[in-house]
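Residue-level listing of the chains:
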Amino acid sequence: MNAILAIARKDLRIEWRTRTLLARVIPFALLVLVLFAVALDSEPLLLRAAAGLVWLAMLFAAMLLVQRSFDVETADHALDSLMSFVSSPSKVFFGKALSMFVQLFALAVVLLGAAVVLYGARVDGDSVVLLVTVLITATIGLSVVGTLYGVVVANMSGRDSLLPLLALPVLAPLLIGAARATEAALGSDTIDLANGWAWVALLVSYAVVFGSAGAVAFAPLAQSDS
Amino acid sequence: MALGGFPALAGVDLVVRCGELVALRGANGTGKSTLLRLCAGLAPLTRGSAHVLGFDVARQRDVVRTMVGLLGHDNGLYADLTARENVEFVAQLVGAGTNDVESALDRLGIDSRVAAARAGALSAGQRRRTALAALVVRRARLWLLDEPHAGLDGQARAELDGILRDATRSGATVVYTTHELEVPGARIPRTITLSGGIVARDVESADPS
Amino acid sequence: MKTGTTTTRVLGIFALLITTWVVVSAFFLTPADVVQGDSVRIMYAHVPTAWIAYLAFVTTAVASGLSLVRKHRTLGFDRVAGASAEVGVLFMAMTLITGSLWGRLTWGTFWQWDPRLTTTLFLFVTYVGYLAIRRVDVDPVRRARRSSVIALLAVLEIPLVHFSVVLWRSLHQEASVLNTDGDVRLDDLMLFTLFSGVVAFTLIFVWLVVHRQRLAAMSDVERLVGLDVAITARRAESTVGGGGI
């Protein structure tokens, strides 16, 4: 547990020092939301699409953060040396996923705020619990899948285009679930709250499946020996 | 080697004793790096066996991994952390304390000014020292250093030699590679020369310290 | 060097003969459907390609698992996995194309966001990504391990995609157009032709995979020879350079 926290703290410290999330990724994601609004050019349509657009922007932003997270590891082969003495490789996976979660959760809160301001989405008192649960479970899923596919393409030439190609199809169920559940929580007419909770169940199983898969698969993917 | 077709090492029969400082020499392509990777359990043994501190490298890889510190051409540092934070990070992962960090920095001559600087802003020699401090904190008992002198100037080289000699005095065993045939001014207790994947020469100097 | 042997030649001839029979029967012998008319004949190509695509991806998954477990045969199984995925992507593309043509004729639209179609589409994109990562040039053993893990992750992904898409569609009440799909009444000849199509395409699949993986083995050998040459050259260099020892 200490090792997981130490790795997450290390990543967050580097993020705080370089401000990749604050100075680049958050502005990028907000820009995506603004551009969607311009492209769709219809307020009722935007309100209906708000949840999906927020999560789509999350996915794109996650691709940037994941690459950054592994560029830091491979620039001076720090990951190789880390893997050589850490007591269990899955700790590296969970540590990096944890720092990814913290950053993506902050981003999700900002983007939902933007959806309220820009798209006129409403958050009611009785749906706040659902909304927070969706944010947490979906962000966990996004973090573990991002970390898992991040190590696949780490140090690979052309990783900036390979990562989305590999990770986005895998993230499709998460996008569907998170967007629908968020839509329910934002008080949409199309989905009621009970259906929203059904989607949370999907998001939880998704996070559990890929969390366990990542813990197992991280070692063979990260170790450079042959 | 990767395809299992061409062995990089043909027949190396070698015993390194605890606390020894050994220079592995040989021109490029003679199998020096492969030998180090093999001892660290990172390259497959097609034939024969390798033991580190009594543990079989092929069968007890996880034990060997924790005792061996392999430092390649890269230092494995995070450029945006300070030198001290880099060493502290390693310390946290292996359960070493703040005192261990301080004494490691001290042993490698990393003063507080250098320790507080971003690793990315340090000189090549300072970065190499920080990486070695991490090996000290890890309590690695066998140091395998691949071309540790590369990229260092004359003074930094001499200092590195001193650091390696100190390390062996405090119980570590150090094997490092160099592609230079003569290291001017260095008094290396034991020099092994590889050529064509075999040991061509093994010389122990009369004055080991 | 050639990739053909007597076995593959016999296999190829059988595949050709059965395919010829399927073409003749599908176009001229089998009757048109009462509702769909002649467009039902697309079925004889569409159903077998879909079957082959799924067979190919199952083969990839199994070969990838074996590649990870059987360490001494890692590269061999990995080549089978890669060859099978390539053929699978090709057949899945044909499935999507024939399917959307058929859809245009029977439902009046090229695409429906129905669970089966959507899952197939995501499956297709997933394996396109798998092939893309196989093309990245790295040490073959490392590539084998990495691609095997990705292929096995895809096995986890597909049920989740399918389940989420089913749940997604069940909330909308518009998926009923597809019910015509099951309405085709198959007589004995139609069933036999469809079955022959599956057999013919399976033979073609095996034929392609055998050749493809032999080709991959050859290019691995070629690479190895290149590596040998490079190492020898490097050693020769070092003997010259180390002359002073």
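Residues numbered from 1 in each chain as written. Chains lettered and ligands numbered in written order. Predicted model: local features only at pLDDT ≥ 70, side-chain atom pairs only at ≥ 80, totals over all residues. Heavy atoms only, no water.

Points about the overall build of chain A
When helices and strands are counted, chain A shows eight helices and zero strands. Reading chain A from its N end, one meets helices and strands in the order α-α-α-α-α-α-α-α. In terms of C-alpha radius of gyration, chain A reaches 18 Å, essentially the compact-globule figure of 17 Å for 226 residues. The dimensions of chain A, computed from C-alpha atoms along their principal axes, are 55 × 30 × 30 Å. (Helix = DSSP H or I, 4+ residues; strand = E, 2+ residues; numbered from the N terminus. Rg over C-alpha atoms; globule rule 2.2 N^0.38 Å.)

With respect to the sheet that holds strand β7 (residues 190–195) of chain B
Residue and element names in this part refer to chain B. Pairing is mixed in the open sheet, where six strands are placed in the order β4-β5-β6-β1-β7-β8. Since the sheet does not close on itself, it has two edges, and those belong to β4 (68–71) and β8 (198–204), each with one partner. Taken pair by pair, the neighbouring strands of this sheet meet at an average axis angle of 15°, ignoring direction. In terms of strand pairing, β4 meets strand β5 (residues 142–145) through four bridges, oriented parallel. When the sheet's bridge partners are listed, L70 is paired in β5 with L144. Across the sheet, helix α7 (residues 154–169) touches β1 (21–25), β5 and β6 (173–178), and the angle it forms with β6 is around 150°. (Pairing = 2+ DSSP bridges. Axes fitted to C-alpha atoms, helices over the stretch in contact; angles between N-to-C directions. Contact = heavy atoms within 4.5 Å.)

Observations regarding the interface of chain C and chain A
Of the residues lining the interface, 27 residues belong to chain C; the matching set on chain A comes to 30 residues. Summing both partners gives a buried area of about 2600 Å² for chain C against chain A, and 80% of it is carried by carbon and sulfur. Where chain C touches chain A, the interface holds zero salt bridges. Inspection of the chain C/chain A interface yields two residue pairs in polar contact (both at pLDDT 80 or more). The set of elements that each furnish at least two residues to the side of chain C that touches chain A consists of α4 (115–134) and α5 (140–170) of chain C. Ranked by residues supplied to the side of chain C that touches chain A, first place goes to α5(C) with 16 residues. Partitioned by chemical class, the residues of the side of chain C that touches chain A number 19 nonpolar, three polar and five charged. (Buried area = accessible area lost by both parts, 1.4 Å probe. Salt bridge = Lys/Arg side-chain N within 4 Å of Asp/Glu carboxyl O. Polar contact = N/O pair within 3.5 Å; in protein donor to acceptor, adjacent residues only side chain to side chain. Nonpolar A, V, L, I, M, F, W, Y, C, P; charged D, E, K, R; others polar.)

Digging into the environment of C:H211
Residue and element names in this part refer to chain C. Relative to the helices and strands, H211 is located in helix α6 (residues 188–241). We classify H211 as buried; its relative accessible area is 16%. Each C-alpha atom of the pair H211 and T8 lies 8.2 Å from the other, and the pair is 203 residues apart in sequence. Setting aside anything within four residues of it in sequence, one finds H211 in contact with T3, G4 and T8. (Buried < 20%, exposed > 50% of the residue type's maximum accessible area, 1.4 Å probe, protein only.)

Overview of the packing of aromatic side chains
Here a ring pair, both rings aromatic, is described through the centre-centre distance and the interplanar angle of the planes. Residues and elements named next belong to chain C. Throughout the structure, instances matching the rule amount to twelve aromatic pairs over all chains. Taken together, a centroid distance of 6.4 Å and an interplanar angle of 70° make the contact between W113 and W168 edge-to-face. Within this pair, whereas W113 is found in the loop between α3 (74–106) and α4, its partner W168 is found in helix α5, the two being separated by 55 residues in sequence. The exposure class assigned to W113 is partly exposed, which follows from its relative accessible area of 44%. Ring plane angle 65° and centroid distance 6.0 Å describe the contact between Y127 and Y130, whose orientation is recorded as edge-to-face. With a gap of three residues between them, Y127 and Y130 both fall in helix α4, about one helical turn apart. (Phe/Tyr/Trp six-rings, centres within 6.5 Å; stacked < 30°, edge-to-face > 60°.)

Description of the nonpolar core
As a rule of thumb, soluble globular proteins bury nonpolar side chains together. Core analysis: the biggest nonpolar cluster contains 160 residues, and A:Y149 and B:W143 have the highest contact counts within it. Residues in contact with A:Y149, not counting those within four places in the same chain, are A:L163, A:L166, A:A167, A:V170 and C:L153. Membership of the second largest hydrophobic core comes to 17 residues, among which are B:L24, B:A50, B:L142 and B:V175. (Core = buried A, V, L, I, M, F, W, Y, C linked by side-chain atoms within 4.5 Å.)

Regarding the pattern of salt bridges
All names here are of chain B. One pass over the full model with this rule turns up 24 salt bridges over all chains. Measuring nitrogen to oxygen at the nearest pair gives 3.2 Å for the salt bridge that ties R84 to E102. Of the two residues, R84 sits in helix α3 (residues 83–94) while E102 sits in helix α4 (residues 98–107), which places them 18 residues apart along the sequence. Where R129 meets E159, a salt bridge forms, and the shortest distance between an N and an O atom there is 2.2 Å. One end of the pair, R129, is in helix α6 (residues 124–137); the other, E159, is in helix α7, with 30 residues separating them in the sequence. Its relative accessible area of 16% is what places R129 among the buried residues. The exposure class of E159 is partly exposed, given its relative accessible area of 32%.

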